[in-house]
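A closer look at the structure
This is what each chain is made of:
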Amino acid sequence: QAAPAPGLARLGCGPPPPRAHRPPAGAMDPTVKNQLIQRVQRYFLEFLENFRLKNEDGSYGDLYYLEQATKMIQEGKRTLYVKIEHLEQVDPAAISFEPPVLRHVIELKYMMVRDALNAAVPQLLGKLQGVEIEEEVRKAREDDEMKFAAAFYDLETFSGIRDLRTDRLGKLQAICGTVTRTTEVKPELLVGTFQCNECNREVSGVVQQFKVTQPAVCPTRNCGNRSNWTLMGESRTTRWGDWQKIRLQENENEVPNGAMPRSIDVIVRDENCDLCKPGDKVMITGSLIVVPDVPSMMNPSELKTTARRSLNTRSDAAYGGGEGVRGLKGTGNRDLTYRLSFFGTFVRENADWGSGSSGPSENIRSDEKLYLSPADKDKFRGISLHTGPGGKKDCFDVLARSVAPQIHGHLEVKKGILLMLIGALPKKTDEGIKLRGDINVLLLGDPATAKSAMLKWTSVFLPRGIFASGKTSTAAGLTASVVRDMDLDQEKVIQPGALMLADNGICCIDEFERMDAKDQTAIHEAMEQQTITLSKAGIQATLNARTSILASALPKNTYYEADLPLHKNCELTPPIMSRFDLMFVMQDIHDEPNDEAVADHILNLHSLGVTEATSRSDLTLNSVELQRYIRLARTFRPKVTPEAQQRLVRCYKKLREDRTYVRGACGVTVRQLESLIRLSEAIARVHLDDKVTEQYVTMAFELQLNTLKRAERENIDLEDDEAGAEEQAGAAGAAAGAGGGAG
């Protein structure tokens, strides 16, 4: 027989009733249940009124939740956010219950006491002082009494989507995963007002239960109507809310070997709608619920023939004689299947999405305000002003060494990846034409020069980093496709591809040369205009794909041949090549001192692990510090000075004149000038500078030129002495900056 849980008894819900009056096994006695709900509401309200944060010296601060409620009303919000730990940190002298017991009951019986917890929020608002606040509270309670909610967050543990079973129904828990699809926001009936079609009597206050619920019987004497109702949608007592369905897929690190990733539907309401979009890694707090799969919602081919026949015949006796198809109540004892869904009450970005490191990571593309400690500020300012042995600023080199620290050498490539992470300023002309600020990088290199390792490191460095492989990617998989959604009554929906999921992030494409030519052309538009236009299956849409592309490719004959120009070494079309801002040639050069350094580095990695092998100096930043530095750098909006402008023009003219510099079959285009501007802005951001100076333009020009000239510097055609002197100087700079080897 069912007895109350230990925690419930300690809340004072009394002994179980005598055996003769007990409900069936597993159910809770109604009086005990009502007592429990009332006490939870009273104690929760008491906790909200009396909780103060404890200061470091042991004293208590201001009333935390009363302040939050005041701010909530002023901002027009309807959700009060409660940190679950606070339930046990409340001052025991100020309350009349045991804090651990309240937390235990809320976690164990969340769906049962949810309405009581939500009802405590408007009661708390009634305790606020002040004339203006009281007036705002009165208005809010009149309009949105049903929409007030208490949301819990920061639970100690989270469940995997694979572990959600029926024994967890109704308990408060957190799940995390990647959002793969969201529906549009739809209206939901919360409390219905129905009119009897036979005697016109209105019945109000019919609460809905995740499905359409009509009144059981008309209250008028001698009417007896049970099925013939009309919903009064405009009535004052009918309450509507917003809801949205999110498809959540488990993270890669939770999928067991040889298994497919599982998904679950998450239902969110009101203020939690539209908080996330496909591609986001989120953590959702809420409860597991069971929703029915109603036959009338199913595809006709999935129904049994009997059910299909009765659905098509509108005059079936089971539906009350020519009444048409009803909701659940009318389906009788047909086979109803149920499925698990998750009811989400709190949605936020998951901070632990990083590369499996212990601490939380920073999202470098986040729009939120950045808060830095004074120690961090001083350290970052010191790095941006750091000077090397020759008296020159070498902040760029210091930061580039922190990119992919497990890979030895390749400093130029790391500089390119750093500039891509920081990015330049996106601009918009007066006519509304957008100029991209994202930098695209191509790595063209011999086998075993750590190309894929660079791509893997970049894809886990930021939350919207997507890793794709060229041979297994199609045009639809990279851009977007149109599919029919079973859940939405065969409605056509757009399924986002890799470039859309990496919006405001980076898409890393490995083995780029293996992609079919028709699939490569699909990303032309995404690389320059940063949009994807779909015209198929009756859908005409333009979608955003503001993403940087980091691609790696093998040369045509496996190894790069220095005596051939660049476009003869790779099988890429001129339009694609002109869209890359930086193209790095990574050669596997046989060089004894360098080979020894690489071998030492790799052996150190295997014997000591990454942290010990790479911690060479105090200036090398770890992953989180580098993310914070990049976030700080992205807050700067550098402007081009007149001197830098003249320098840019000179560099562009020099590029166009230089006949030996054949960049693909298309030569040098205006896109290279735009690339120079973008690289100069990104380098100014690296140095935390508000102005793009001549020095930064020169660094950008050298980086763009040297990446290609290094491979071709043995066979530069010295047409005249001046050009030869300039090009030898450029080649010497490239040789000085070139590192080699892989880890």
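No experiment lies behind these values; they were computed from the predicted model shown. (Residues numbered from 1 in each chain as written. Predicted model: local features only at pLDDT ≥ 70, side-chain atom pairs only at ≥ 80, totals over all residues. Heavy atoms only, no water.)

1. Thoughts on the overall build of the protein chain
Put simply, the rule is: What counts as a helix is a DSSP run of H or I of at least four residues, what counts as a strand is a run of E of at least two, and both are numbered from the N terminus. Three labels apply to residues, based on accessible area from a 1.4 Å probe with only protein chains included: buried if under 20% of the type maximum, exposed if over 50%, partly exposed otherwise in between. Note on contacts: a residue pair is in contact if any heavy atoms of the two residues lie within 4.5 Å.
Helix and strand counts for the protein chain stand at 25 helices and 25 strands. Counting only residues that meet the buried cut, the protein chain has 46% of its 743 residues in that class. Across the protein chain, every contact between residues at least 6 apart in sequence was considered, and the portion connecting residues at least 24 apart equals 72%.

2. Description of unusual backbone geometry
With the exception of glycine, most residues fall at negative phi, and the peptide bonds are largely trans. One non-glycine residue with positive phi stands out, namely Asp154, at about 60°. By relative accessible area, Asp154 is classed as partly exposed at 25%. A positive phi angle is found at Asp270, which is not glycine, with a value near 50°. Structurally, Asp270 is set in the loop between strand S10 (263-269) and strand S11 (281-293).

3. Here we look at helix H3 (residues 64-74)
We apply this condition: Regarding the arc, it is the one traced by the directions from the helix axis to the C-beta atoms.
Within H3, burial applies to Tyr65, Leu66, Ala69, Met72 and Ile73. Buried residues in H3, looked at end-on, bunch into an arc of 120°, giving them a common side. Of the residues in H3, the exposed ones pointing more than 90 degrees away from the buried face are Lys71 and Gln74.

4. Some thoughts on the state of the cysteines
Rule in force here: Note on disulfides: each one is a pair of cysteine sulfur atoms within 2.5 Å.
Evaluated as defined, the whole model comprises 0 disulfides. Residue Cys196 stays outside any disulfide, its sulfur separated by 3.7 Å from that of Cys199, the closest cysteine. The class of Cys196 is buried, set by a relative accessible area of 0%. Summary of cysteine pairing: Cys507 is not part of a disulfide, and the nearest cysteine sulfur, belonging to Cys508, is at 6.8 Å. The buried category is assigned to Cys507, whose relative accessible area is 0%.

5. A few points about the packing of aromatic side chains
Cut-off, in case you're wondering: Here the aromatic set is Phe, Tyr and Trp, taking the six-membered ring for Trp, and pairing holds for ring centres within 6.5 Å; pairs whose planes are under 30 degrees apart are stacked, those over 60 apart are edge-to-face, and all others are tilted.
Throughout the structure, instances matching the rule amount to 14 aromatic pairs. When the centroid spacing of 5.7 Å and the interplanar angle of 45° are considered together, the rings of Phe51 and Tyr65 count as tilted. Of this pair, Phe51 sits in the loop between helix H2 (30-50) and strand S1 (52-54) while Tyr65 sits in helix H3; the two residues are 14 residues apart in sequence, bridging distant segments of the chain. Residue classification places Tyr65 among the buried positions, given a relative accessible area of 0%.

6. Here we look at the nonpolar core
Filter applied, for reference: Nonpolar cores are built from buried Ala, Val, Leu, Ile, Met, Phe, Trp, Tyr and Cys residues. Side-chain atoms within 4.5 Å join them into one set.
By size, the foremost hydrophobic cluster in this structure holds 61 residues, and its most contacted members are Leu399, Leu418, Leu419, Leu421, Leu443, Leu550 and Leu626. If we ignore the near neighbours within four places in the chain, the residues touching Leu399 are Ile383, Leu418, Leu621, Leu626, Tyr629 and Val686.

7. Comments concerning helix H9 (residues 374-384)
Those residues of H9 lying buried are Asp376, Phe380, Ile383 and Ser384. One side of H9 holds all its buried residues, which, seen down the axis, span an arc of 95°. Facing away from the buried surface of H9 by more than 90 degrees, the exposed residues are Pro374, Ala375 and Asp378. Those residues of H9 hidden inside the fold are in contact with helix H10 (395-401) and helix H21 (623-633).

8. Concerning a negative patch on the surface
Short version of the rule: A residue counts toward a patch only above 30% relative accessible area and without a salt bridge, and it is joined to like-charged neighbours within 9 Å or, for Val, Leu, Ile, Met, Phe, Trp and Tyr, to nonpolar neighbours within 5 Å. Surface exposure here means Shrake-Rupley accessible area, sampled with a 1.4 Å probe, where a residue is shielded only by the protein chains that are shown. Each salt bridge in this description consists of a side-chain nitrogen of Lys or Arg and a carboxyl oxygen of Asp or Glu lying within 4 Å of one another. A positive count includes Lys and Arg, and a negative count includes Asp and Glu. His and the chain ends are not counted in either. One atom stands in for each charge, and that atom is NZ of Lys, CZ of Arg, CG of Asp or CD of Glu.
The grouping of Asp588, Asp591, Glu592, Asp595, Glu596 and Asp600 at the surface amounts to a negative patch. The topology assignment puts Asp591 in the loop between strand S23 (582-586) and helix H19 (592-608). The partly exposed category is assigned to Asp591, whose relative accessible area is 34%.

9. Considering a nonpolar patch on the surface
Judged by side-chain polarity, Leu169, Val290 and Tyr338 come together as a nonpolar surface patch covering roughly 270 Å² of accessible area. With respect to the element layout, Val290 can be found in strand S11.

10. Structural notes on the confidence of the model for the protein chain
Do not read the fine detail of predicted coordinates wherever pLDDT is low. Formally: Each residue carries a pLDDT value, the predictor's own confidence for that position, ranging from 0 to 100.
Averaged over all residues, the pLDDT of the protein chain is 78; the fraction at 70 or higher stands at 80%. Across residues 295-299, where pLDDT falls below 50, the model places 11 contacts with residues more than four positions away in sequence or in other chains. With pLDDT under 50 throughout, residues 302-323 is counted as low confidence; its partners more than four residues away or in other chains account for 28 contacts.

11. Some details on the pairing of strand S21 (residues 539-544)
Just so we agree on the cut-off: In this analysis, strands are considered paired if DSSP registers two or more bridges between them.
Residues Ile539, Ala541 and Leu543 line the buried face of S21, whereas the alternating positions Gln540, Thr542 and Asn544 sit on a face that is not buried. Pairing of strand S20 (residues 531-536) with S21 involves 6 bridges; the strand directions are antiparallel. Each bridged residue has a counterpart across the sheet, and for Leu534 the counterpart in S21 is Ala541. Here S20 folds back onto S21, and the loop between the two strands holds 2 residues, one of which, Ala537, carries a positive phi near 50°.

12. Some remarks on the pattern of salt bridges
Here the structure, examined in full by the defined rule, presents 24 salt bridges. Glu625 serves as the salt-bridge partner of Lys379, at 3.0 Å between the closest nitrogen and oxygen. Of this pair, Lys379 sits in helix H9 while Glu625 sits in helix H21, and the two are 246 residues apart along the sequence. Residue classification places Lys379 among the partly exposed residues on the basis of a relative accessible area of 29%.

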